[in-house]
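Remarks on the overall topology
Chain by chain, the residues run as shown.
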Amino acid sequence: MAAMEIEFKFQIPSDRLKVVETALRRGTVVRTRLQARYFDTADQALAAEGIVLRLRKEGRRWVQTVKATGDNALHRLEHNVDLGTAAASPAIDPQRHQGTPVGDRLAKVLAASGGAPLVERQSTDIVRLTRDVRVTGPGGAVVEMALDVGKVVAYAGTPEQCESPVCELELELKRGDVQRLVSLARRWSQQHGLWFSTVSKAERGARLLAKVEVVPAVKAEAPRYPEGKDKLDGRAIQQAIVASCLAQMLPNASEIAAGSTDEEQIHQLRIGIRRLRTALREVAGLDAGSGLFDVAGWEPPLVEAFRALGDLRDREQVVKLAQPQLREAGAPEFDPLAGGDAAADVRSSGDVVRAPAFQSVLVSLIGFTAAAPSAEIAPKAEDAETPPTPTPLSLNDARRFLHKRLQHLHKQAVRDGQRFESLDTESQHRVRKRLKRLRYLAEFVAPLFDAEGKSTPSSAAERYLKHLRPAQDALGEFNDEAVALALYREATARDGRAWFAVGWFSARHAVHAKACRKALSEIDEAPRFWKKAARAR
């Protein structure tokens, strides 16, 4: 059976497990023991491509399954083959999935590995409680809720007891409207303090095998737009851009919520939030006011999380950069963060990410990216009580809208540069934020202006972005020193040694402001790729 899974997976805090189970048992539940064996090549070629191949005993029946990542955080390609009730575990056979989309991906990866044999890499032993929930509302839905409690065991050749506990809740859409799934997922995550996780059971086992405690942070990637202009309108553009932001945010947020304090994961999550806020601000108009792109509801929790994650990190980073320069200039040894109250006021990064408001926004945004394309949504009846649903902008209208936004931000950057030295500190900080918006928006939409229809940024767009970098670097350094100046000035109330740094940074202020003005002025010479693309069409 081939299918496209649409599901949410949440981690459950250990102290909430009994409450979650009690809530699940308010309906009819089915208890099943799931014993699975996961297979891969010795060099984990399948895992590297996001593919999972397993044999699982579900009660008394054996099922062989292959899964692979789909188009977004909710979608998973899946194909299941029922192997009956054999007493012993059947042999794994990739050919059972031949002729399906996910089976073809599996075959391609195995062929590329040179026919390397499949070996058992890990196993799971899970007790699952399932319940079907009918969700009312427009479209309606039936959602399967599954509470999984057990363990993952990883081994290579011999069953070494290398285990990781499993305690998670999955919500899978069996039929109906994705937004009903979203509303149910949001309600359960809010009530029980659950957090969205991107880590599969197979990945848990792979980490155990590799003895990996901290995984690399996930960085930004360009949006993946649908193939074919007939599928591309304002809504599809919004969904692709939001999906690209979530592709960076969700894995990092998942690790932090689970307890990671890795600085790079926190840094990349903040970049993802900043990119997403640019998208909310700059492409909201592409849906022609349908109300599905909920900027007012989404932005406040994102702003709160961004600031909370940055309060301590920004100060520590600035001091780390400033102290070697001050030491070389002859400053007395002094830690401006020592004895202050800032650290006491900062929540842990895990608390910030697990906060109900932030998790609710993540769930809503994931749901937005998985919503049906506007072309598949039936228009509402035109009567006095039910107005027609606004239609998202066509591709050509979307390009015109984005052309105006890019042109506006570009001209604003040039104007800001001309008067940068006369601006107050807060206004200078806003210049840096606006320049980031220009850069992110250009990165998001560059493929839409490619005259040859390529899905990646053209050389013209890359040249434009290259022209922005000197100004980005100058403003970044200027901002760091402005933060350092304020930090050391605040510290003078506790220690007079801070005055050396105050004087040193104050003396450098005018020179760096002039450098920012000069770098910003050069943006005016940048060849604007959106104008060239407009002429080509």
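Residue positions are given per chain, counted from 1 along the sequence in the order it is written. Reporting in this predicted model follows two pLDDT cut-offs: at least 70 for local features of residues, and 80 or more for side-chain atom pairs to be given and counted; totals over whole chains, interfaces and linings ignore these cut-offs and use all residues. Each side-chain value is derived from all of the structure's non-hydrogen atoms; neither hydrogens nor water enter the calculation.

**Overview of the overall build of the protein chain**
- Scanning the protein chain for helices and strands turns up 16 helices and nine strands.
- Each residue is placed in one exposure class: buried if its accessible area under a 1.4 Å probe, protein chains only, is under 20% of its type's maximum, exposed if it is over 50%, and partly exposed if it falls in between. Looking at the protein chain as a whole, 49% of its 537 residues are labelled buried.
- Across the protein chain, every contact between residues at least 6 apart in sequence was considered, and the portion connecting residues at least 24 apart equals 75%.
- Residue exposure ignores everything except the shown protein chains as possible cover, and the areas themselves are Shrake-Rupley values with a 1.4 Å probe. For the protein chain, the accessible area works out to roughly 25,900 Å², and carbon and sulfur atoms hold 50% of it. Only runs of H or I of at least four residues qualify as helices and only runs of E of at least two qualify as strands under DSSP, and these elements are numbered from the N terminus. Contact criterion: two residues are considered in contact whenever any of their non-hydrogen atoms come within 4.5 Å of each other.

**Some words on the environment of Asp177**
- Secondary-structure assignment places Asp177 in the loop between β8 (158-176) and α4 (178-192).
- In this structure, the C-alpha to C-alpha distance between Asp177 and Ala141, residues 36 residues apart in sequence, is 5.6 Å.
- Not counting residues within four places of it along the chain, the set of residues in contact with Asp177 comprises Pro138, Gly139, Gly140 and Ala141.

**Here's the deal with the pattern of salt bridges**
- We count a salt bridge whenever a side-chain nitrogen from Lys or Arg sits within 4 Å of a carboxyl oxygen from Asp or Glu. Summed over all chains, the structure comprises 27 salt bridges.
- Note that Arg25 is salt-bridged to Glu21, the shortest N-O span being 3.0 Å.
- By relative accessible area, Glu21 is classed as partly exposed at 27%.
- For Glu58, the salt bridge is made with Arg56, and the minimal N-O distance between the two is 3.0 Å.
- Assessed through its relative accessible area of 12%, Arg56 is described here as buried.
- Counted as one network, the salt bridges with shared partners bring together Arg128, Asp148, Glu168, Glu170 and Lys201.

**Overview of helix α15 (residues 498-521)**
- To estimate the expected span of a helix, count its residues, drop one, and scale the result by 1.5 Å. With 24 residues, α15 should reach 34 Å at 1.5 Å per residue; the first-to-last C-alpha distance of 35 Å fits that figure.
- Bend at a residue means the angle formed by two fitted axes: the first through the 7 residues ending at that position, the second through the 7 residues beginning there. Along α15, the sharpest kink reaches roughly 35 degrees, centred on His509.
- Taken together, the buried positions of α15 are occupied by Ala498, Ala501, Val502, Trp504, Phe505, His512, Ala513, Cys516, Ala519 and Leu520.

**Observations concerning the pairing of strand β5 (residues 75-82)**
- Counting buried residues along β5, six of its eight residues qualify, which places the element largely inside the surrounding structure.
- Relative to β5, strand β4 (residues 61-69) runs antiparallel, the two sharing seven bridges. Bridging from a neighbouring strand, Val66 pairs with His79 of β5. The criterion for strand pairing is that DSSP finds at least two bridges linking the strands in question.

**Here's the deal with the pairing of β4**
- Note: strand β3 (residues 51-58) against β4, eight bridges, orientation antiparallel. Its bridge partner being in β4, Ile51 is matched across the sheet by Ala68.
- Taking the residues between adjacent antiparallel strands as the criterion, β3 and β4 are bridged by two residues, where Gly59 takes a positive phi near 70 degrees.

**Overview of the nonpolar core**
- In terms of nonpolar packing, the biggest core is built from 106 residues, with Val445 and Phe529 touching the most fellow members.
- A total of twelve residues in this core trace back to one element, the largest contributor, which is helix α6 (residues 234-257).
- Ignoring sequence-local partners within four residues, the contact set of Phe529 consists of Leu406, Ala442, Ala446, Phe449, Ala460, Ala461 and Tyr464. Nonpolar cores are built from buried Ala, Val, Leu, Ile, Met, Phe, Trp, Tyr and Cys residues. Side-chain atoms within 4.5 Å join them into one set.

**Here's the deal with the packing of aromatic side chains**
- In summary, the pairing rule links any two rings of Phe, Tyr or Trp, Trp by its six-membered ring, whose centres are within 6.5 Å, and it sorts them by plane angle into stacked for under 30 degrees, edge-to-face for over 60 and tilted for everything else. Applying the stated criterion to the full structure yields 14 aromatic pairs.
- Relative to Phe529, the ring of Tyr464 lies with its centre 5.8 Å away and its plane at 70 degrees, an arrangement referred to as edge-to-face. Of this pair, Tyr464 sits in helix α14 (residues 459-491) while Phe529 sits in helix α16 (residues 529-536), placing them 65 residues apart in sequence.
- Judged by its relative accessible area of 0%, Tyr464 is buried.

**A word on unusual backbone geometry**
- Its identity as a non-glycine residue notwithstanding, Gln44 has a phi of 60 degrees, on the positive side.
- Residue placement: Gln44 occurs in the loop between β2 (30-40) and α2 (45-48).
- On the basis of relative accessibility, which here comes to 22%, the residue Gln44 falls in the partly exposed class.
- The phi torsion at Lys211 lies on the positive side, around 55 degrees, for a residue other than glycine.
- Of note, Lys211 is situated in the loop between α5 (201-210) and α6.

**Details of the packing of helix α13 (residues 425-445) against α14**
- It is at 10 Å that the axes of α13 and α14 come closest, and there the two elements cross at 150 degrees. Between α13 and α14, the angle is such that the two are roughly antiparallel. For the element pair α13 and α14, the recorded crossing hand is left-handed. Packed against α13, whose contacting residues are Gln428, His429, Val431, Arg432, Leu435, Leu438, Arg439, Ala442 and Glu443, the element α14 presents Tyr464, Leu465, Leu468, Ala471, Gln472, Leu475, Gly476, Phe478 and Asn479 at the interface.
- In the scheme used here, Gly and all other residues not listed as nonpolar or charged are polar, with Ala, Val, Leu, Ile, Met, Phe, Trp, Tyr, Cys and Pro taken as nonpolar and Asp, Glu, Lys and Arg as charged. Split into classes, the residues belonging to the contact of α13 with α14 amount to ten nonpolar, five polar and three charged. For helices, the fitted axis covers only the stretch in contact; all axes are lines through C-alpha atoms, and the angles between them, taken along N-to-C directions, range from 0 to 180 degrees. Put simply, angles under 35 degrees are roughly parallel, angles over 145 are roughly antiparallel, angles from 65 to 115 are roughly perpendicular, and the rest are oblique. With the far helix as reference, a near helix turned anticlockwise by less than a right angle produces a left-handed crossing, and one turned clockwise produces a right-handed crossing.

**Structural notes on the environment of Ala371**
- Mapped onto the secondary structure, Ala371 falls in the loop between α11 (356-370) and α12 (395-418).
- Through-space distance from the C-alpha of Ala371 to that of Leu292 is 9.7 Å; in sequence the pair is 79 residues apart.
- For Ala371, the residues in contact, after removing those within four places along its chain, are Gln179 and Gln239.

**Here's the deal with a positive patch on the surface**
- Nonpolar side chains (Val, Leu, Ile, Met, Phe, Trp, Tyr) are joined into patches within 5 Å and like charges within 9 Å, using only residues with over 30% relative accessible area and no salt bridge. When charges are counted, neither His nor the chain ends are considered; positive counts come from Lys and Arg and negative counts from Asp and Glu. By convention, charge coordinates are those of NZ in Lys, CZ in Arg, CG in Asp, or CD in Glu. Judged by side-chain charge, Arg281, Arg307, Arg430 and Lys433 come together as a positively charged surface patch.
- On the secondary structure map, Arg430 appears in helix α13.
- Here Arg430 falls in the partly exposed class, since its relative accessible area comes to 36%.

**So, the packing of α6 against helix α7 (residues 263-282)**
- One way to put it is that α6 packs onto α7 with a least axis distance of 8 Å and a crossing angle of 150 degrees. The pairing of α6 with α7 is recorded here as roughly antiparallel in orientation. Both α6 and α7 take part in a crossing whose hand is left-handed. Taking contact as the criterion, the partners of Ile241, Val242, Ser244, Cys245, Gln248, Met249, Asn252, Ala253, Glu255 and Ile256 in α6 are, on α7, Gln265, Ile266, Gln268, Leu269, Ile271, Gly272, Ile273, Arg275, Leu276 and Ala279.
- In terms of residue class, the contact of α6 with α7 is built from twelve nonpolar, six polar and two charged.

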